[in-house]
Structure formats: C-alpha cells, structure tokens
2 protein chains.
Amino acid sequence: MASPRVLSELEGVCLGIVRKYDPCTAYHVRMKLKEAPSSHWKASSGSVYPLLSRLEDEGLIKTAADTSDGRGRTLLSITRQGRASLKKWLVAGASQNLISSLTDPIRSRMFFLDALPAAQQATYLDKLEAEMERYLTDTERHLANQSQVEERYNYLGALGAVKLAEARLAWLRTVRHTLLSC
Amino acid sequence: MASPRVLSELEGVCLGIVRKYDPCTAYHVRMKLKEAPSSHWKASSGSVYPLLSRLEDEGLIKTAADTSDGRGRTLLSITRQGRASLKKWLVAGASQNLISSLTDPIRSRMFFLDALPAAQQATYLDKLEAEMERYLTDTERHLANQSQVEERYNYLGALGAVKLAEARLAWLRTVRHTLLSC
DNA sequence: CGATGCATGTAAGCTGTTACATGATTGC
DNA sequence: GCAATCATGTAACAGCTTACATGCATCG
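So, a few notes on the structure that sits alongside this text.

Reading the values: rules and limits
- Residues numbered from 1 in each chain as written.
- Chains lettered and ligands numbered in written order.
- Predicted model: local features only at pLDDT ≥ 70, side-chain atom pairs only at ≥ 80, totals over all residues.
- Heavy atoms only, no water.
- Near = heavy atom within 4 Å.
- Polar contact = N/O pair within 3.5 Å; in protein donor to acceptor, adjacent residues only side chain to side chain.
- Helix = DSSP H or I, 4+ residues; strand = E, 2+ residues; numbered from the N terminus.
- Salt bridge = Lys/Arg side-chain N within 4 Å of Asp/Glu carboxyl O.
- Buried < 20%, exposed > 50% of the residue type's maximum accessible area, 1.4 Å probe, protein only.

1. Regarding the protein's contact with DNA strand C
Thought 1: Around DNA strand C sit 21 residues, and of these S45, R73 and T74 of chain A together with K42 and S44 of chain B come closest.
Thought 2: If you look at DNA strand C and keep only atoms within 4 Å of the protein, 62% of those are sugar or phosphate atoms.
Thought 3: Between DNA strand C and Y49 of chain A there is a distance of 3.1 Å, counted from a phosphate oxygen to a side-chain nitrogen or oxygen.
Thought 4: K42 of chain B is positioned with one of its backbone polar atoms (N or O) 2.8 Å from a phosphate oxygen of DNA strand C.
Thought 5: Contributing elements (two or more residues each) for the surface near DNA strand C: helix 2 (26-35) and helix 3 (45-57) of chain A together with helix 3 (45-57) of chain B.

Okay, structure coming up:
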C-alpha cells in the first residue's frame, strides 16, 4: 500500500504535465511551467528536480535513460499509481479551503492604500492600470496560441487567466474612479 | 541607515493592519487576517508573532506593555520608519511580477481535467460550481459589512474579492457548458 | 568556435504552517 | 465554576526560491 498523501499544488501540476507530454524530460516540465504568463510558479530547477525525484521514489512516475542523446536525458512517464494520485489531487480541488486560497497582491495592497498621500495614490493606480493592461494582453496572446479543438483543456485554463485579468482590470478602474473623482 | 529590504506579502499586510488599528495587539492582527473570507493567509500564531518581533527588531513597529490588562497584553504601534516601509511595500506592488503571481488552484487543475473520465468530470464541475457559489456568497456578505463611506479602502478591497469570485464562477460555467454540451 | 539553448542537479535560505504549550479574562 | 475567547509564544517541518555548478548540443 503506497503512501496516500495528498500532492502539493506544484506536485499536482508537475505530475499533470508529465502525463500530458509523456514521455518528457524534467527540463520540459520546467519550460511548460514558465510559458504560461499567469503561472504563480517560478519552477526553478531547485524545486522541480527534487520534486520529481520524490514522485519517482513514491512510484508516481518512472524514468528511462534516453541513450540516443549524449546529454544523458532522463525521460519521465506517469505510472498507473501516478494516474490515481493525479485524479485524487484533481478532485481534492473542489474544497472551500482551496477555492478561497487565491492570493492577490494587488487586492492585499488596496486595503492599505490610504497610507499613501492622494497624489501618490493616483500615480500608483495609474501605473498599476498600465501594468495590468499589459498583463491582460499577455494572457490574451497566450490564449490565442491554444487551439480550441486540439488543446481544449489548455484553452479553457488560459481562458480563465484572461477572464480573471479582465475582472481585476475592471475592478481597478472602479477603484480609480471611486478614489479620484471626489 | 536601516535595512532597506522589501517586506514580504504577509509582513506588508500585518504592518498595514497595525497601522490601521494602531495601537493593537498581535492577536488582533491575527483576527483581522482571519475574518476576510478571501484571505490567503492562515495567520497562525507561529507566523504572526515571530513576524512582528522581526518588524520590531527592525524598528518598523514599537511595543508598549498594557498594564491595565492582567494578561500582559502588548500593544503595537507603527513607527515613522514603519510608515516609510509600508509605502515602499505598497508601491512595489505595481510590478508585472507581482501582478502575475496570482495562484488559482481551480485554474491549475483545469489544464489536467482530461485525466478524469467524463462522468467524474461532470461530478467534479458540479461540486466546484456549488462551492464557488457558496464562496461568492461569503465574499458578498463580507462586502456588505464594510461601510462604503467610513471604510472606503476595506470596501474596495472586499469588492475586489467579490468581482474576482464572480469572474471565476462565470468562467466555471463556461467551462462546464463547453465540456458537457457535446 | 562561440553563443544560446537543452539538460541536470545541489546547498542555503526564506517564508509560512502545524502542532504544541500556557495562562488570564469575560460572560453565562 | 466552566466554557469561550483573548493573548502570547515555541519547535519542527514543509515547500519553494535563489544562487551556484556543470556540461553537451545545435545553429550560425
């Protein structure tokens, strides 16, 4: 009986990537994490390699040396047990505690904006809006690269990032209007 | 010259709370962190007390023993240096890297939903939608408790939580419709 | 033949959580 | 008097980041 522990967020995501691009290298997993503009994860080698070793130790992925490549690549595949763990991680996401664990540094700061003098508030909100617009553009561009038919799930995930970015931007504009128009 | 390091997210939030309810106890800071349904922070004593000690060591807050209370309460106040640090933390929020660091466990999972058989996908999405509705209600209730005039910044922050929750729910419904209607 | 990208790792450190531990105050 | 809340902390650990270190492959 394998350890039935719940995977961490990054573990679940990495295992999901291994499954999706099976077989692939650890490096590939890192690159996939990096290419989404909306990903929280830095996915440095310092987190990914030990993480994947751990998953291998627990039998969730298996490795095979790629002899055709002189760099000593290691190809990763998900195991039957890994698939079961991934499913478990997936459905565990429908809990109040995970739904509410969304961190938003912008919103956090809004509560304390009165610490800035009015002029600086305006400057800050201006810059924020400009950066948020740029971020929205990034997420939209990323969405445009996902095929709606071939990569349905990637498309829907990327769509979520766009929708959230739109909502944040709209909220920011409301804030700006509320604070600066009187 | 004091250490000009940038505060972490939780440090900034805690310092902001101290400033807002100055003077207040560390316990009060924890309770404030807990009462928002959209807060990412668990704000356990194990994080808050050492954090506030650190801020005191760096001269960002000062403490005073409350002799009128037998429990040995310690009252916290923000210092001039603390105000400067808080402002710095605030404006540092307008950076691409912080804007994009929004973690969404629901969206993360969407990319891998194809790991579940269709029937389980439907069950999962149903449960998710129900929980998201409950979460939206929580944030709305919290918003209703914030005065739009007296607590303008708290109101705007809570409004952001509601707007994000609405956008996530709308997106979830799109996902459900897309995946289950064919 | 040099730059960029592919590829794999380790060590130290930061930040926050969980679990534990203690005790006073307030309201019923 | 007892329960809930107020109040303060510590120790161990989990999880991820930063910085460092190495070396082959590919393309111009």
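2. Examining the pattern of salt bridges
Residues and elements named next belong to chain A.
Thought 1: According to the stated counting rule, one finds 34 salt bridges over all chains in the structure shown.
Thought 2: In this structure, the salt-bridge partner of D126 is R176, at a minimum N-O distance of 2.8 Å. With D126 in helix 7 (residues 118-144) and R176 in helix 8 (residues 152-180), this pair connects stretches of sequence that are 50 residues apart.
Thought 3: Given a relative accessible area of 37%, D126 falls into the partly exposed group.
Thought 4: As a salt-bridge pair, R141 and D138 come within 3.0 Å of each other at their nearest N and O atoms. Taken as a pair, R141 and D138 lie in helix 7 at a separation of three residues, close to a single helical turn.
Thought 5: For D138, a relative accessible area of 25% translates into the label partly exposed.
Thought 6: Through salt bridges with shared partners, a single ionic network connects D126, E129, E133, R173 and R176.

Purely geometric numbers; function is a separate question.
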